[in-house]
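Structural description and commentary
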Amino acid sequence: MTTQLGLPDSIRACLFDLDGVVTRTAVVHAAAWKETFDAFLRERDGTDFRPFTDSDYDRYVDGRPRADGVRVFLASRGIELPEGDPDDPPGARTVNGVGNRKNALVLEKIRTDGVEPYDGTLRYIDAVRAAGLATAIVSSSANTLDVLRSIDAERLFDVRIDGVVARERKLPGKPRPDTFLAAARDLGVEPSRAAVFEDALAGMDAGRSGHFGYVVGVDRVGQTDALYAHGADRVVEDLAELGGAA
């Protein structure tokens, strides 16, 4: 049985990723990663360097905590860097330094261009809350709160588990399910009664391994088959397709 929200009637909470699900910031992150990694690889390998690709972003970076994305992508190229410290300057040749360079670029792009929400998602979340379901935002981004405030969406979520909270609680990021599990726990809901909404393959893996009641893949870039392969129960291009008041 499914409700008018397009969810099993056993679902009592909805856990939403931020970038690519609630806001149109996934493309901003992808551009910042490409600029960061291409500059790093060009400096390391010269003009014959192999550029960072969309496929690299989907496989190694999208949805992961910043440092994990750096570490996993560079490992795919046979490159290992010292970890460094979280406050390393953006130019440092460390995992944290590369990640901080990417974050500086993202913040610059957001300040310059602003943040746009997906209106269908905001309307869907309004419908979810009107139906009495609890909501959480679950993101690897340390800038989650600022982004939500910029689109007046902080009020839409009962719980926030983001990069800042994950660091404080020492929660491993996606594709591990720990951040989603923490959100469900904070809402007082069993994972089997919570739905996950994600656009990243790492997020799909987290939803599957966390044994959540329903996993919705949001396909913004034409990767429907991959989202299903990584554990989606249903894939939509916009949450309006699920019903509700969206």
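So, here's what we can say about the structure. Worth saying up front: this structure is predicted, and the values here are computed from it rather than measured. (Residues numbered from 1 in each chain as written. Predicted model: local features only at pLDDT ≥ 70, side-chain atom pairs only at ≥ 80, totals over all residues. Heavy atoms only, no water.)

1. Focus: the packing of aromatic side chains
Inclusion rule: Side-chain rings of Phe, Tyr and Trp (the six-membered ring for Trp) are treated as a pair once their centres are within 6.5 Å; stacked means planes under 30 degrees apart, edge-to-face means over 60, and tilted covers the remaining angles. We count a stretch as a helix when DSSP gives it H or I for four or more residues in a row; a strand needs E for two or more, and each element gets its number in order from the N terminus.
By the definition in use, this model includes 9 aromatic pairs. Ring geometry for F180 versus F212: centroids 6.0 Å apart, planes at 75°, classification edge-to-face. Of this pair, F180 sits in helix α8 (residues 178-187) while F212 sits in the loop between α9 (201-209) and β5 (214-218); the two residues are 32 residues apart in sequence, bridging distant segments of the chain. Through a chain of ring-to-ring contacts, three or more aromatic side chains come together here, namely W33, F37, F52, Y60 and F73.

2. A short note on helix α1 (residues 26-45)
Cut-off, in case you're wondering: Helices are assigned an expected span. That span is 1.5 Å times one less than the residue count. The buried label goes to any residue with under 20% of its type's maximum accessible area, the exposed label to any with over 50%, and the partly exposed label to all in between, with areas taken from a 1.4 Å probe on protein chains only. Any two residues whose heavy atoms approach within 4.5 Å are treated as being in contact.
A rise of 1.5 Å per residue sets the reference length of α1, with its 20 residues, at 28 Å; its end C-alpha atoms lie 28 Å apart and thus fit the reference within 8%. Residues of α1 that are buried: A26, V28, H29, A32, W33, T36, F37, D38, F40 and L41. The inward-facing, buried residues of α1 abut α2 (54-61), α3 (66-76) and α4 (95-113). One or two steps after α1, the chain reaches G46, where phi turns positive at roughly 85°.

3. Focus: the environment of T3
The residue T3 is located in the segment before β1 (13-16) in this model. Accessibility expressed as a relative area gives 33% for T3, which makes it partly exposed. As a C-alpha pair, T3 and F52 span 49 residues in sequence and 42 Å in three-dimensional space. Excluding residues that lie within four positions of it along the chain, T3 makes contacts with P8 and D9.

4. A look at the pattern of salt bridges
Put simply, the test is: The salt bridge criterion pairs a side-chain nitrogen of Lys or Arg with a carboxyl oxygen of Asp or Glu, the two atoms within 4 Å.
Considering all chains together, one arrives at 18 salt bridges under this definition. D68 is paired through a salt bridge with R71; the nearest N and O atoms lie 2.7 Å apart. Here R71 and D68 lie together in helix α3, a separation of 3 residues that amounts to about one turn. In this structure, E154 engages R149 in a salt bridge whose closest nitrogen and oxygen atoms are separated by 3.1 Å. Residue classification places E154 among the partly exposed positions, given a relative accessible area of 37%.

5. Concerning the nonpolar core
Defined as follows: Side-chain atoms within 4.5 Å link the members of a nonpolar core, which is a set of buried Ala, Val, Leu, Ile, Met, Phe, Trp, Tyr and Cys residues.
By size, the foremost hydrophobic cluster in this structure holds 35 residues, and its most contacted members are L7, F16, V22, Y124, F197 and L239. Listing elements by their share of this core, those giving two or more residues are β1, α1, α4, α5 (119-130), α6 (144-150), β4 (194-198) and β5. At 5 residues, the largest contribution of residues to this core is made by α5. Apart from the residues within four sequence positions on either side, V22 is in contact with F16, D17, P117, Y118, T121, L122, I125, I137, I151 and F157. Counting 26 residues, the second largest nonpolar core, distinct from the first, contains I161, A166, V189 and L201.

6. Focus: the packing of α2 against α3
As a reminder, the rule being used: Throughout, an axis means a line fitted to C-alpha atoms (over the contacting stretch in the case of helices), and angles, computed between N-to-C directions, take values from 0 to 180 degrees. With respect to orientation, any angle under 35 degrees is reported as roughly parallel, any angle over 145 as roughly antiparallel, any angle of 65 to 115 as roughly perpendicular, and every other angle as oblique. A crossing counts as left-handed when the near helix is turned anticlockwise from the far one by less than a right angle, and as right-handed when that turn is clockwise. Here the term charged refers only to Asp, Glu, Lys and Arg, the term nonpolar to Ala, Val, Leu, Ile, Met, Phe, Trp, Tyr, Cys and Pro, and the term polar to all other amino acids, Gly among them.
At a closest axis distance of 9 Å, the pairing of α2 and α3 adopts a crossing angle of 120°. When the axis of α2 is compared with that of α3, the two are oblique. Taken as a pair, α2 and α3 cross one another with a handedness that is right-handed. For the pair α2 and α3, contact is made by D56, Y60 and V61 and by G69, V72, F73 and S76, respectively. The residue makeup of the contact of α2 with α3, split by class, is 4 nonpolar, 2 polar and 1 charged.

7. Observations regarding α2
Stated precisely, the cut-off is as follows: Within this analysis, the arc is defined by the directions that extend from the helix axis to the C-beta atoms.
For α2, every residue scored as buried is listed here: D56, Y57, Y60 and V61. Here the buried residues of α2 occupy an arc of 105° about the axis, which is enough to place them on one side. Projecting away from the buried face of α2 at angles above 90 degrees are the exposed residues D54 and R59. One or two positions beyond α2, positive phi appears at G63, with a value near 85°.

Nothing here speaks to function; it is all geometry.
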